[in-house]
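# Structural features, examined
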Amino acid sequence: MSLFIPDFDDSVVVRAADAEEIHYGPDSSLRLLADSSTGGGFLSTMRVSLKAGSDGARPHHHGRSAEMFYVIDGTAQLLAGDKVVTAEAGDLVIVPPGQQHAFAAAPGEDAEMLVVITPGVERFEYFRHLERIRYGKVPPESLLEVQDLYDTYFGTSTAWEATRAPRAQ
């Protein structure tokens, strides 16, 4: 494994009022805090807000990046490899590169999470792309064309489906 040295000289300050917010419907939103270029390629970070057991991200993995989930408030369910973890305020889950992961608010619960991806890949446009899909501006299959660009590869998980399926009943 090689050492990654970030390429930036000044501290980064992102004010809440300046962060772009993306809504994926009434029950989920994403506050884009710092993309890869902001911190010299070191990380991308965002704050995720999920209401009432809503889904966040479906199973996927990153080939080159680890992803960290810190639960600020509420209760989240996270897929980490083959297991589903229930995480509460103050809990931290880190998923290594190549490992399937997903996240959602636990059934009947809200969840606020800080998500950090490192090393960073410019992903803010990916989240804007998801918003365009949500509002019918581009088809869902358009994500397949940008998997390599955003180092995000979709998969499936029996454990995740089994945990989240009762929610639909």
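Shown above is the structure to which this text applies.
Presented here is an overview of the structure given in this document. The residue numbering used here restarts from 1 in each chain and proceeds along that chain's sequence as written. Residue-level local features of this predicted model are given only where pLDDT is at least 70; pairs of side-chain atoms are given and counted only at 80 or more, and the full residue set underlies all totals for whole chains, interfaces and linings. Calculated side-chain values reflect all of the structure's heavy atoms, with hydrogen atoms and water omitted.

## Examining a negative patch on the surface
Here, patches come from residues exposed beyond 30% relative accessible area and free of salt bridges, joined within 9 Å for like charges and within 5 Å for nonpolar side chains (Val, Leu, Ile, Met, Phe, Trp, Tyr). Surface accessibility in these figures is a Shrake-Rupley result with a 1.4 Å probe; residues are shielded only by whichever protein chains are displayed. Between Lys or Arg on one side and Asp or Glu on the other, a salt bridge is scored when a side-chain nitrogen of the former is within 4 Å of a carboxyl oxygen of the latter. None of His or the chain ends enter the tally, which takes Lys and Arg as positive and Asp and Glu as negative. Every charge is mapped to an atom, namely NZ of Lys, CZ of Arg, CG of Asp or CD of Glu. Residues D27, D73, E88, D91, E109 and D110 make up a contiguous surface patch of negative charge. Helix numbering and strand numbering both begin at the N terminus, where a helix is a DSSP run of H or I of at least 4 residues and a strand a DSSP run of E of at least 2. Looking at the element boundaries, E109 is found in the loop between β8 (101-105) and β9 (111-118).

## As for the pairing of strand β1 (residues 20-23)
Strand pairing is assigned whenever DSSP identifies at least 2 bridges connecting the two strands. Bridge count for β1 against strand β2 (residues 28-34) is four bridges, and the pairing is antiparallel. Bridge pairing links I22 to L30 in β2. The turn linking β1 back onto β2 is made up of four residues, and G25 within it adopts a positive phi angle of 125°.

## Comments concerning the side chain of E67
You can see E67 is positioned in strand β5 (residues 66-80). Classification of residues uses two cut-offs on accessible area relative to the type maximum, computed with a 1.4 Å probe and protein chains only: under 20% is buried, over 50% is exposed, and between them is partly exposed. Here E67 is buried and forms no salt bridge, its nearest opposite-charge partner R123 lying at an N-O distance of 6.4 Å. In the analysis that follows, any N or O atom pair within 3.5 Å is treated as a polar contact, provided that within protein one partner can donate a hydrogen and the other can accept it, and provided that, for residues neighboring in sequence, both atoms belong to side chains. A distance of 2.6 Å separates the side chain of E67 from the side chain of H101, its partner in a polar contact. Once residues lying within four places of it in the same chain are set aside, the contact partners of E67 are H60, H62, V93, I94, V95, H101, V115, V116 and I117. We call two residues contacting when some pair of their heavy atoms lies within 4.5 Å.

## Some points on the environment of V116
Considering the arrangement of structural elements, one finds V116 in strand β9. On the basis of relative accessibility, which here comes to 15%, the residue V116 falls in the buried class. Spatially, the C-alpha atoms of V116 and E67 are 5.7 Å apart, while their sequence positions differ by 49 residues.

## What to know about the packing of aromatic side chains
Whether two aromatic rings pair depends on their centres lying within 6.5 Å, for rings of Phe, Tyr and Trp, where Trp uses its six-membered ring; planes under 30 degrees apart make the pair stacked, over 60 edge-to-face, and the rest tilted. In the structure shown here, the tally under the stated rule is three aromatic pairs. When the ring of F69 is compared with that of F103, the centres are 5.5 Å apart and the planes differ by 55°; the resulting orientation is tilted. Of this pair, F69 sits in strand β5 while F103 sits in strand β8, and the two are 34 residues apart along the sequence. Taken together, the ring pairs connect Y126, F127 and Y150 into an aromatic cluster. Its end group placed over the ring of F154, R58 keeps NZ or CZ at 4.2 Å from the ring centre. Lying over the aromatic face of Y135, R134 brings its terminal NZ or CZ to 5.6 Å of the ring centre. We call a charge positioned over a ring when the NZ of a Lys or the CZ of an Arg lies within 6 Å of the ring centre and within 35 degrees of the ring normal.

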